[in-house]
Amino acid sequence: MNASIAGALLLIGRKLLTAFAQLLVVATLIFSVMYIMPGDPVLLLLGAESNPSPEAVASMRSQLGLDQPVLSQYFTWLWNALHLDFGNSLTNGYPVSSYVLANLPRTLELAFAAIIIATLIGVPLGIAAALKRGSMRDTVLTSIATIGISVPVYILGTLLVLIFSIKLGWLPASGYTDISRNLVEHFRKLALPALALGFGLAASIARMTRSSMLEILGRDFVRALRAKGMPERRIIWQHVLRNAAIPIVTIIGLQLGNLMGGTVLVEAMFNWPGLSTLLVGAVSARNYPLVQGAMLAIAALFIVINLAVELFYSLLDPRIRRKRS
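Residues numbered from 1 in each chain as written. Predicted model: local features only at pLDDT ≥ 70, side-chain atom pairs only at ≥ 80, totals over all residues. Heavy atoms only, no water.

## What about the packing of helix 7 (residues 136-150) against helix 9 (residues 183-217)?
Packing of helix 7 against helix 9 leaves a shortest axis separation of 7 Å and a crossing angle of 135°. The orientation of helix 7 relative to helix 9 falls into the category oblique. Two packed elements cross with a definite hand, and for helix 7 against helix 9 that hand is left-handed. For the pair helix 7 and helix 9, contact is made by Asp138, Thr142, Ala145, Gly148 and Ile149 and by Phe199, Gly200, Ala203, Ser204, Arg207 and Arg210, respectively. The class makeup of the residues in the contact of helix 7 with helix 9 is four nonpolar, four polar and three charged. (Axes fitted to C-alpha atoms, helices over the stretch in contact; angles between N-to-C directions. Helix = DSSP H or I, 4+ residues; strand = E, 2+ residues; numbered from the N terminus. Parallel < 35°, antiparallel > 145°, perpendicular 65-115°, else oblique. Left-handed = near helix turned anticlockwise from the far one by under 90°. Contact = heavy atoms within 4.5 Å. Nonpolar A, V, L, I, M, F, W, Y, C, P; charged D, E, K, R; others polar.)

Printed below as a string of C-alpha cells:
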C-alpha cells in the first residue's frame, strides 16, 4: 500500500477513535442529567397533583427500568442510544427520536444558512482589509468586525426586526413555514435569524482571514513570486489565499460546530422550531428522555462536524497529514 494512503488511513482511524471516545464521555455526562435535575420523572409522568399510590409509582418505576442498578440503566440506555432509541417523551409517550429527527433539519438549516452568510461576508472583507493594510479601508473594516463580535445576538436580532420587519416591512419578524408549503415564505422567515446568527461569525471569520492573509503575504515565497514578475492577482488567488485557507476553514468549521448548541437565543427570538427550542421546552417540562435525546444529538453533531473539519484541512495541507501520521 502507498505510504501516503496508509498515513491518511491511519490519521482517519485515529480521528474516528478520538471522536468515539469523546462521544462516549459526553453520553455518560448526559445520562447523569437524570440524576442531577430536580424532580422525579415517575411523579411527573403520573402527575404529582393526582397523588399516585406507592404501588402505581413502583409499577411505573419498574416499567421505565428505574428500579434497576445505575450501571444497568446506563448500559441499557447507551445500547438503545446507539440504535437511535432514546425512549419516549414523558408528556405524551411519543418516541424521542421522532422529535429529534423532526427538529434536527431545522437547526441544521439555520446553522448552515448562518455559516454561508458569515463566509460570504467575512472572507471577502478579510481579504479586502489585508490587501490594504493600514489604509482607511482596513481601519473601517476592522472596526466593523470588532463591532460585529461585540454586539450580542439578541440585540442584533432586535435591530434586524426593527429595521427589516417593522420599519421597511421586507421580511417577517418571526415564525416558520414548511418549505413544502411555500418555498419563498420559508426563506423569507429564515433570512433574519440566519443573518442575526451569522453576522457575529462573519466578523470572526473576517478577522481570521485578515490575519492569515497578512501572515502569508509577508513570507519569502510571495516576495520571490513578485520578483519573478507574476501578476499580483494570480499571486493572491493561487498562492496566498490557498496557503491562508487552513486557519480560515478551521474557524468556519469550529463556528459551525458551536452553532449546533448556540442557536438557543435565535430560535427562541424568531420562533424557529429547532433542536434548541426543543431542548429548552424539555428542560422546562422536566422531560428527561427528551432532554437526553436532544443534548446527545447536539453533542454528536458538534463532534462529527469538528471531525470533518480536522480531516478536511489535513487534506488541504499534506504537511499536517505527515506531521500527525
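So that's the structure; there's more coming.
## Quick look at the side chain of Ser165
Residue placement: Ser165 occurs in helix 8 (residues 153-167). Looking at Ser165, its side chain comes within polar contact range of the main-chain oxygen of Leu171, at 3.1 Å. Ignoring anything within four residues of it in the chain, the contact list for Ser165 reads Leu160, Leu171, Pro172, Ala173 and Leu192. (Polar contact = N/O pair within 3.5 Å; in protein donor to acceptor, adjacent residues only side chain to side chain.)

## Considerations on helix 6 (residues 96-131)
Under the 1.5 Å per step criterion, the end-to-end length of helix 6 is 51 Å for 36 residues, consistent within 8% with the ideal 52 Å. Maximum bend of helix 6: about 30°, positioned at Asn103, with proline Pro105 one to four residues after it. (Expected span 1.5 Å × (residues − 1). Bend = angle between axes of the 7 residues up to and from the residue.)

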